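# Tertiary structure, described
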Amino acid sequence: MAGYRNISQDKTIGDMGREAFLFLTHTLVAVVLLAITIGVISLNHPDPDSSTPKLLATVLAFLAPMVCSFLLARIHHNNVATYVWVSALVFFSIVCVRVLDLPTGNGLCDNCSAAEKLWRTFFTFEQGSGLLGGDGLLVGTWIPLSMIGYAIGAKLAIKL
């Protein structure tokens, strides 16, 4: 394994703590950028039943953090920002478990299978599952998507 390098080698506890703090900070920045994006979209008072604003918000949930992290990474050259996708994976996994634990009843997702429950909660713009109070797109899709976009933008900036 000639190309293998232990990333914790030659790092003190303080260095590793600083990296953990930066990791959490970058994750929080990705979520704040999403909140700003949703706030700007909300200024237009979009129709909550229309799929167009939801599609636009999905695209912007990915692109806005990606562009901002690209700019931040060009300035700070911080490799930790490229690993924020791990937060997205963990967050999405936790939300999936929560959705699967929710009971179904008389509503839009009565007797849904597990896969259908997840699909209708996170990835359907019309006739969702009704679980998570109808906020499945926000909680299960847009937040992880913003973290993934943030990581991709930082990675692109560091590679250039």
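Everything discussed here concerns the structure shown above.
Scope of this entry: the structure provided in the associated data block. (Residues numbered from 1 in each chain as written. Predicted model: local features only at pLDDT ≥ 70, side-chain atom pairs only at ≥ 80, totals over all residues. Heavy atoms only, no water.)

## What to know about the overall build of the chain
The secondary structure content of the chain amounts to five helices and zero strands. The helix and strand sequence of the chain, counted from the amino end, reads α-α-α-α-α. Taken along its principal axes, the extent of the C-alpha atoms in the chain is 60 × 35 × 25 Å. When burial is assessed residue by residue, the chain has 32% of its 160 residues classed as buried. The contacts in the chain between residues at least 6 apart in sequence include a share of 70% that link residues at least 24 apart. Carbon and sulfur atoms make up 67% of the accessible area of the chain, which totals about 10,000 Å². (Helix = DSSP H or I, 4+ residues; strand = E, 2+ residues; numbered from the N terminus. Buried < 20%, exposed > 50% of the residue type's maximum accessible area, 1.4 Å probe, protein only. Contact = heavy atoms within 4.5 Å. Areas by Shrake-Rupley, 256 points an atom, 1.4 Å probe, with all protein chains shown as cover.)

## Structural notes on the packing of helix H1 (residues 13-42) against helix H2 (residues 51-76)
Two elements in contact, H1 and H2, have axes separated by 9 Å at closest approach and are oriented at 130°. Regarding the angle of H1 to H2, the classification is oblique. Like other packed secondary-structure pairs, H1 and H2 cross with a definite hand, here right-handed. Every residue of H2 that contacts H1 at Val-29, Ala-30, Leu-33, Leu-34, Thr-37 and Ile-41 is listed here: Ala-57, Leu-60, Ala-61, Ala-64, Pro-65, Cys-68 and Leu-72. Its residues placed into classes, the contact of H1 with H2 shows 12 nonpolar, one polar and no charged. (Axes fitted to C-alpha atoms, helices over the stretch in contact; angles between N-to-C directions. Parallel < 35°, antiparallel > 145°, perpendicular 65-115°, else oblique. Left-handed = near helix turned anticlockwise from the far one by under 90°. Nonpolar A, V, L, I, M, F, W, Y, C, P; charged D, E, K, R; others polar.)

## Thoughts on the side chain of His-26
Looking at the element boundaries, His-26 is found in helix H1. The exposure class of His-26 is buried, given its relative accessible area of 13%. Among the polar contacts listed, one links the side chain of His-26 to the side chain of Asn-78, at a separation of 3.4 Å. Engagement of the side chain of His-26 in a polar contact is seen with the side chain of Tyr-150, the distance being 2.7 Å. The contact partners of His-26, leaving out residues within four places of it in the chain, are Asn-78, Val-80, Ala-81, Val-84 and Tyr-150. (Polar contact = N/O pair within 3.5 Å; in protein donor to acceptor, adjacent residues only side chain to side chain.)

## Focus: the packing of aromatic side chains
This model, assessed by the stated rule, comprises four aromatic pairs. Here the aromatic rings of Phe-92 and Phe-123 are separated by 6.3 Å at their centres, their planes lie at 45°, and the arrangement is tilted. On the criterion of sequence distance, the pair formed by Phe-92 in helix H3 (residues 85-101) and Phe-123 in the loop between helix H4 (114-122) and helix H5 (136-159) is long-range, its members being 31 residues apart. Since its relative accessible area comes to 25%, Phe-92 is described here as partly exposed. Ring centres of Phe-122 and Phe-123 lie 6.1 Å apart, and the angle between their planes is 75°; on these two criteria the pair is classed as edge-to-face. (Phe/Tyr/Trp six-rings, centres within 6.5 Å; stacked < 30°, edge-to-face > 60°.)

## So, H4
All of the buried residues in H4 are Lys-117, Leu-118, Arg-120, Thr-121 and Phe-122. Contacts from the buried residues of H4 go to H3 and H5.

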